[in-house]
Amino acid sequence: MPQLLGIGEVAARSGVSVPAVRYYETRGLLTSARDGGNRRRYPRSVLRRLAFVSAAQRVGLSLEEIAASLAELPEGRTPTRSDWTRLSRSWRARVDARIAELERLREDLDGCIGCGCLSLRRCALYNAGDAARAEGSGSRWVREARGS
Ligand code: FES
């Protein structure tokens, strides 16, 4: 019979707090058995699962996305080296996109340093999602659609 770990030991060995371990379990990222005293008991493989969760969070995945990745594995298996390779390869594009976004943010910030206007019309940080900004101010698309 494989050795089972108590929640305190899992927390100590993984560096994840006891409440976080409980929370991850409620979110379906981990499973445990209960002993005769109704205490949680985890297989040793939970440590690798927690390492996977931590790494995925550092990449920027939400807990829902991590749960979906783990759910792809057959029968709730803990990620193997090849699983990790496949999943982490699919995250590469996401990391590249984040880097590109941060580089754009840095360039926008350079224009704001020492300015402080926070203008809806010209501040790329304050109104970052304004794709129509380059075409001018106001409800241009609505006016153009109406022909006015
Ligand atoms: S604060 Fe003035 S352009 Fe951003």
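Scroll up to find the structure this text is about.
None of these values were measured; they are calculated from a predicted model.

Engineer: Explanation requested: the overall build of the protein in the structure shown.
Structural biologist: Check the secondary structure of the protein and you find six helices and three strands. Walking the protein from its N terminus toward its C terminus, one meets helices and strands in the order β-α-α-β-β-α-α-α-α. In terms of overall dimensions, the protein is more spread out than a globule: its C-alpha atoms have a radius of gyration of 23 Å, far above the 15 Å expected for 148 residues. Looking at the protein as a whole, 25% of its 148 residues qualify as buried. Accessible surface computed for the protein: about 10100 Å², of which carbon and sulfur atoms make up 52%.

Engineer: In this structure, what is going on with the sheet that holds strand β3 (residues 40-43)? I would like to understand it.
Structural biologist: Strand-to-strand pairing in sheets goes through backbone hydrogen bonds, with the strands running parallel or antiparallel. The antiparallel open sheet is built from three strands, whose spatial order is β1-β3-β2. In this open sheet, the two edge strands, each paired with only one partner strand, are β1 (4-6) and β2 (33-34).

Engineer: In this structure, what is going on with the pattern of salt bridges? I would like to understand it.
Structural biologist: Side chains that carry opposite charge are capable of pairing whenever their charged atoms lie near each other. Taken as a whole, this structure holds 10 salt bridges when the rule is applied. We note a salt bridge from E9 to R13, for which the minimum N-O separation is 3.5 Å. You can see E9 and its partner R13 sitting in helix α1 (residues 7-14), four residues apart, about one turn around the helix. Classification of E9 by relative accessible area gives partly exposed; the value is 34%.

Engineer: Quick question: what am I supposed to make of the packing of helix α3 (residues 46-59) against helix α4 (residues 63-71) here?
Structural biologist: When two helices pack together, their arrangement is captured by the angle between the axes and the distance separating the axes. As a packed pair, α3 and α4 sit with axes 10 Å apart at the nearest point and diverge in direction by 135°. The pairing of α3 with α4 is recorded here as oblique in orientation. For the pair α3 and α4, the crossing hand works out as right-handed. Where α3 approaches α4, its residues R49, F52, V53, A56 and Q57 are matched on the opposing element by L63, I66, S69 and L70. Tallied by class, the residues present in the contact of α3 with α4 amount to six nonpolar, two polar and one charged.

Engineer: In this structure, what is going on with the side chain of S69? I would like to understand it.
Structural biologist: Checked against the element boundaries, S69 lands in helix α4. Contact partners of S69, with chain neighbours within four places excluded, come to F52, L61, L87 and W91.

What counts and how
Residues numbered from 1 in each chain as written. Predicted model: local features only at pLDDT ≥ 70, side-chain atom pairs only at ≥ 80, totals over all residues. Heavy atoms only, no water. Helix = DSSP H or I, 4+ residues; strand = E, 2+ residues; numbered from the N terminus. Rg over C-alpha atoms; globule rule 2.2 N^0.38 Å. Buried < 20%, exposed > 50% of the residue type's maximum accessible area, 1.4 Å probe, protein only. Areas by Shrake-Rupley, 256 points an atom, 1.4 Å probe, with all protein chains shown as cover. Pairing = 2+ DSSP bridges. Salt bridge = Lys/Arg side-chain N within 4 Å of Asp/Glu carboxyl O. Axes fitted to C-alpha atoms, helices over the stretch in contact; angles between N-to-C directions. Parallel < 35°, antiparallel > 145°, perpendicular 65-115°, else oblique. Left-handed = near helix turned anticlockwise from the far one by under 90°. Contact = heavy atoms within 4.5 Å. Nonpolar A, V, L, I, M, F, W, Y, C, P; charged D, E, K, R; others polar.

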